[in-house]
Amino acid sequence: MSTATAVATKWNLDTTHTEVQFKVKHLVIATVTGFFKKFSGSVESETEDFDGAKVNFSLDVNSIDTNQADRDGHLKSADFFAAEQYPTLDFTGTLKKESGNDYKLDGALTIRGTTKAVVLDVEFGGTMVDPWGNTKAGFEINGKINRKDFGLNWNALTEAGGMVVSEDVKIHINAELAKAQ
């Protein structure tokens, strides 16, 4: 009796067509947006619709860019990411289809050596063959984490007693994958 084994297709993150963004409230009245410029990732899927796909993602903390060099330096310091000691932010998880093009990305996020379970919302944009014959897949990923869960505890208080930096951090990723040849 033989059992058919599904073969996983590997997809690599197309870093040219992917962006990793975060947003955090400053003084509870304005939002600061930042990006990570260097990252890598891959997905292995046994299905064309990516249901059950295994996701691996890593980003270079030193590539943080909030369009303000002093703030970027502070974020890389021991007050926040401690980039010298913890140079990457890492994620492993599984993509689970909910309905239609809506998915959940359920996995483990590691920041500053602390790993926590997170669930992110994902919209699958579909697949397409580009003009050079490469098969691509697109995803929009959104979620929110509490930075203090990962040891990013620094804060200061305003004269009125409000926090300078919100604990909640919104994550937004536009990801394009290229099917491995």
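Everything numeric here is computed off the predicted structure, so don't read it as measured data.

(A) Highlighting the packing of aromatic side chains. Summed over all chains, the structure comprises eight aromatic pairs. Ring geometry for F50 and F124: centres 5.3 Å apart, planes at 65°, overall edge-to-face. Here F50 is found in the loop between β4 (39-45) and β5 (54-60), whereas its partner F124 is found in strand β9 (residues 114-129), with 74 residues between them in sequence. With relative accessibility at 1%, the residue F50 sits in the buried group. For F124, a relative accessible area of 9% translates into the label buried. An aromatic cluster is defined as three or more aromatic residues linked by ring pairs; in this entry it consists of W11, F50, Y103, F124 and F139.

(B) Spotlight on the nonpolar core. The biggest cluster of nonpolar side chains holds 41 residues, and the ones touching the most others in it are F50, F81 and F139. Once residues lying within four places of it in the same chain are set aside, the contact partners of F50 are W11, V43, S45, L95, Y103, F124, T127, A137, F139 and L177.

(C) Spatial organisation of the environment of N142. Position of N142 relative to the elements: it lies in strand β10 (residues 135-146). Residue N142 is classed as partly exposed on the basis of its relative accessible area, which comes to 28%. The spacing of N142 and K170 is 28 residues in sequence and 7.5 Å in space, taken between C-alpha atoms. For N142, the side chain forms a polar contact with the side chain of H172, separated by 2.4 Å.

(D) Focus on the pattern of salt bridges. Enumeration over the complete set of coordinates arrives at six salt bridges. Across the pair D49 and K97 runs a salt bridge, and its minimum N-O distance is 3.6 Å. A residue pair is termed long-range when its members are at least 10 positions apart, and D49 in the loop between β4 and β5 and K97 in strand β7 (residues 88-99) qualify at 48 residues. Of the residues examined, D49 reaches a relative accessible area of 27% and is grouped as partly exposed. Residue classification places K97 among the partly exposed residues on the basis of a relative accessible area of 34%. Residue E176 is joined to K136 by a salt bridge in which the shortest nitrogen-to-oxygen separation is 3.2 Å. With E176 in strand β11 (residues 165-179) and K136 in strand β10, this residue pair connects regions lying 40 residues apart in the sequence. Given a relative accessible area of 23%, E176 falls into the partly exposed group. Judged by relative accessible area, K136 falls into the buried class, the value being 13%. Through salt bridges that share partners, D14, K136 and E176 make up one connected network.

Cut-off values and rules
- Residues numbered from 1 in each chain as written.
- Predicted model: local features only at pLDDT ≥ 70, side-chain atom pairs only at ≥ 80, totals over all residues.
- Heavy atoms only, no water.
- Phe/Tyr/Trp six-rings, centres within 6.5 Å; stacked < 30°, edge-to-face > 60°.
- Helix = DSSP H or I, 4+ residues; strand = E, 2+ residues; numbered from the N terminus.
- Buried < 20%, exposed > 50% of the residue type's maximum accessible area, 1.4 Å probe, protein only.
- Core = buried A, V, L, I, M, F, W, Y, C linked by side-chain atoms within 4.5 Å.
- Contact = heavy atoms within 4.5 Å.
- Polar contact = N/O pair within 3.5 Å; in protein donor to acceptor, adjacent residues only side chain to side chain.
- Salt bridge = Lys/Arg side-chain N within 4 Å of Asp/Glu carboxyl O.

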